[in-house]
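The primary structure of each chain is shown beneath.
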Amino acid sequence: MKKKALVLSPESRLKEVCSDKCRTLLNEHFDVSWNETGKDYTKEELAEMVSDAEVIITSWGSPSLSEEALEKAVKLHSIGHAAGTVKNLVPKQIFSRGVRVFSAAPRIALSVGEYCLAALLASLRHLPTLDASLRAGQWRELGLKGRELTGSTIGIISASSTARAFIKLLAPFQVNVLVYDPYLSEEAAAALNVTRASLEEVMSCPIISVHAPKLPATERMLTRELLALIPNGAVFINSSRGPVVDEQAFMDELNSGRFFAALDVFEKEPLVADSPIRSLPNVLITPHVAGASVQGHLSLMEEVVKDIIRGLNEEKTTYEVSERMWEVMA
């Protein structure tokens, strides 16, 4: 008998994260209840629906699974999130109940890694600045000369899934990668072909990419003193979380114009219309879209569904979240 699965996303969102192949996969392996209400369920509605659910599939906009809902979800075996972090979706107590949790965060990491590579290459060759100059009527009058990525030294903050995806994409460029992460062992660093380093060493690199999650321990971890270590002419990329950086100190450094930054995240989002960062010529800004791509989003639900099926078949999983992973998620 097929296990009962509850898919929480309404059709408007489902078409973005669930391919036709994924729909077929779900219907083949599960007795599926689809959300046909045209809207996201509320927490209260979800609590009334979970008594028979053995598998729950969620995505952006889905209500969190409360303690009350968990009490009623007596048959729940797995919950799969076709999006990133599950920290606000499920309480930590879910692990003590034996429920297996899956997240598509590693798939999103690939999209973020590609964004970081694109932002880095564009920044090294001054593409945003040259584009603005040419549109203003100039022609090679800035005297800018781009730099190559090949053979460069790159500092990475946090060996998260997005950092690992970025590091993998950097491999053909024969770069030297330094990583600051207090949880990264020598063995894990060797497997990634990177060198463990202090935060000061990483912040002194000519290229710096931030991948740290937002946690109490990481809030404003990049202090004024550390930001002052960024070398002149460096490229600084932040695709993780804005609050990791001391915003005022960072603005002071950016205003000096001594290095270039590519920023996809900010302390307060959406970025306010009169934010001074919008007018800085040495900053490339994007609206928190590093993880957004057509192919990436459309594969999210399929990836977690496949992994849930592997788990049910007692096979090795790829997207499963442990209690320890939940604790350090953004």
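Treat the numbers as computed from the prediction; the structure is a model and nothing was measured.

Novice: Please clarify how the pairing of strand S1 (residues 3-10) should be interpreted in this entry.
Specialist: Taken residue by residue, a regular strand's side chains alternate between the two faces of the sheet. Where burial is concerned, most of S1 is hidden: six out of the eight residues are buried. Across five bridges, the pairing between S1 and strand S2 (residues 30-35) is parallel. By the bridge assignment, Leu6 is partnered in S2 with Ser33. Bridge analysis of S1 against strand S3 (residues 55-58) gives three bridges, and the strand direction is parallel. Across the sheet, Leu6 pairs through a bridge with Ile56, a residue of S3.

Novice: How do you make sense of helix H11 (residues 247-255) when you look at a structure like this?
Specialist: Owing to its 3.6 residues per turn, the α-helix aligns residues three or four sequence positions apart on the same side. All buried positions along H11 are accounted for by Ala249, Phe250, Met251, Glu253 and Leu254. Those residues of H11 that are buried are in contact with helix H10 (224-227), strand S10 (235-238), strand S11 (260-263) and strand S12 (283-285). Remark: Gly257 follows H11 within two positions and exhibits a positive phi of approximately 75 degrees.

Novice: Could you clarify how one ought to interpret the packing of helix H5 (residues 105-124) against helix H7 (residues 161-170) in this entry?
Specialist: Helix packing for two helices is described by the angle between their axes and how far apart those axes are. The interhelical angle for the contact between H5 and H7, taken along N-to-C directions, is 50 degrees, at an axis separation of 7 Å. Comparing the axis directions of H5 and H7 gives the class oblique. The two elements H5 and H7 meet at a crossing, and its hand is right-handed. Counted together, Ala105, Ala109, Leu110, Val112, Gly113, Glu114, Cys116, Leu117 and Leu120 of H5 and Ser161, Thr162, Ala165, Phe166, Leu169 and Leu170 of H7 form the full contact between these two elements. Broken down by class, the residue content of the contact of H5 with H7 amounts to 11 nonpolar, three polar and one charged.

Novice: Would you explain the sheet that holds S2 in this entry?
Specialist: The pairing of strands in a sheet comes from backbone hydrogen bonds and takes either a parallel or an antiparallel form. In space, the six strands of this open sheet follow the order S2-S1-S3-S4-S5-S13, with mixed pairing throughout. Among the strands making up the open sheet, the edge pair consists of S2 and strand S13 (320-321).

Novice: Help me understand the UniProt feature "domain: D-isomer specific 2-hydroxyacid dehydrogenase catalytic" (unreviewed entry) in the protein chain, please; the structure alone is not making it clear to me.
Specialist: Per the UniProt record, "domain: D-isomer specific 2-hydroxyacid dehydrogenase catalytic" (unreviewed entry) is annotated on residues 19-321. Counted over residues 19-321, helix gives 34% and strand 16%. Its end C-alpha atoms are 23 Å apart.

Novice: Looking at this model, I keep getting lost on the sheet that holds S11. Mind explaining?
Specialist: Ordered by their spatial adjacency, seven strands build an open sheet running S8-S7-S6-S9-S10-S11-S12, and the pairing between neighbours is parallel. If you trace the sheet from one side to the other, it starts and ends with strand S8 (195-196) and S12, each paired once. As defined by bridge partners, strand S7 (residues 176-180) adjoins S8 across two bridges and the pair is classed as parallel. What sits directly across from Leu178, in S8, is Thr195. Across the sheet, H7 is in contact with strand S6 (153-157), S7 and strand S9 (207-210); its angle to S6 comes to roughly 165 degrees.

Novice: Before we go on, may I ask you to explain the pattern of salt bridges in this structure?
Specialist: Between side chains of opposite charge, pairing is possible as soon as their charged atoms come close. Going through the model one piece at a time under the given rule, you end up with 22 salt bridges. Of the charged contacts in the structure, one is a salt bridge between Asp40 and Arg13, with a shortest N-O distance of 2.8 Å. Separated by 27 residues along the polypeptide, Asp40 in the loop between S2 and helix H3 (43-47) and Arg13 in helix H1 (residues 11-17) bring together distant segments of the chain. Take Asp40: its relative accessible area is 24%, and that puts it in the partly exposed class. Arg135 is the partner of Asp131 in a salt bridge, and the nearest nitrogen-oxygen pair spans 2.9 Å. Residue Asp131 and its partner Arg135 are both found in helix H6 (residues 127-135); the two are separated by four residues, about one turn of the helix. Looking at Asp131, the relative accessible area reads 36%, which means it is partly exposed. Each of the salt bridges in this network shares a partner with another, and the network as a whole consists of Lys92, Glu323, Arg324 and Glu327.

Novice: Mind showing me how you'd approach the layout of surface pockets here?
Specialist: Of the voids in this model, the second largest pocket is the one considered here, and its volume is about 340 Å³. Around the second largest pocket, the lining is made up of 19 residues, and of these Glu247, Met251, Phe266, Glu267 and Leu271 lie nearest the centre. When residues of the lining of the second largest pocket are assigned to their parent elements, the largest contribution, four residues, is made by H11. Along the lines of polarity and charge, the residues of the lining of the second largest pocket split into 10 nonpolar, four polar and five charged.

Novice: Mind showing me how you'd approach a nonpolar patch on the surface here?
Specialist: On the surface, Leu127, Leu130, Leu142 and Leu144 cluster together into a nonpolar patch covering about 320 Å² of accessible area. On the secondary structure map, Leu130 appears in helix H6.

Novice: Sorry, what's going on with the domain arrangement of the protein chain here?
Specialist: Interface extent is often summarised as the accessible area lost during association of the parts. What the domain assignment lists for the protein chain is domain 1 (3-106 + 294-328) and domain 2 (148-285). In this structure, domain 1 and domain 2 have C-alpha centres spaced 32 Å apart. Domain 1 puts five residues into the contact, and the matching count from domain 2 is four residues. For the pairing of domain 1 and domain 2, the buried interface totals around 310 Å² over both sides, and the portion due to carbon and sulfur atoms is 55%. Here domain 1 and domain 2 share zero salt bridges between them. Viewed at the interface, domain 2 and domain 1 are joined by zero residue pairs in polar contact (both at pLDDT 80 or more). For the side of domain 1 that touches domain 2, the element with the most residues is helix H13 (residues 323-328), which contributes three residues. Each residue belonging to the side of domain 1 that touches domain 2 can be placed in one class, and the counts come to two nonpolar, no polar and three charged.

The rules behind each value
- Residues numbered from 1 in each chain as written.
- Predicted model: local features only at pLDDT ≥ 70, side-chain atom pairs only at ≥ 80, totals over all residues.
- Heavy atoms only, no water.
- Buried < 20%, exposed > 50% of the residue type's maximum accessible area, 1.4 Å probe, protein only.
- Helix = DSSP H or I, 4+ residues; strand = E, 2+ residues; numbered from the N terminus.
- Pairing = 2+ DSSP bridges.
- Contact = heavy atoms within 4.5 Å.
- Axes fitted to C-alpha atoms, helices over the stretch in contact; angles between N-to-C directions.
- Parallel < 35°, antiparallel > 145°, perpendicular 65-115°, else oblique.
- Left-handed = near helix turned anticlockwise from the far one by under 90°.
- Nonpolar A, V, L, I, M, F, W, Y, C, P; charged D, E, K, R; others polar.
- UniProt positions renumbered as here; feature names shortened; annotations may be inferred.
- Salt bridge = Lys/Arg side-chain N within 4 Å of Asp/Glu carboxyl O.
- 1 Å grid on protein atoms, 1.4 Å probe; cavity = no way out; pocket = protein on both sides within 12 Å on 5 of 7 lines; lining within 4 Å.
- Points joined across faces, edges and corners; volume = space filled by probe spheres on them.
- Patch = residues over 30% accessible without salt bridge, like charges linked within 9 Å, V, L, I, M, F, W, Y side chains within 5 Å.
- Areas by Shrake-Rupley, 256 points an atom, 1.4 Å probe, with all protein chains shown as cover.
- Domains from an automatic or database assignment.
- Buried area = accessible area lost by both parts, 1.4 Å probe.
- Polar contact = N/O pair within 3.5 Å; in protein donor to acceptor, adjacent residues only side chain to side chain.

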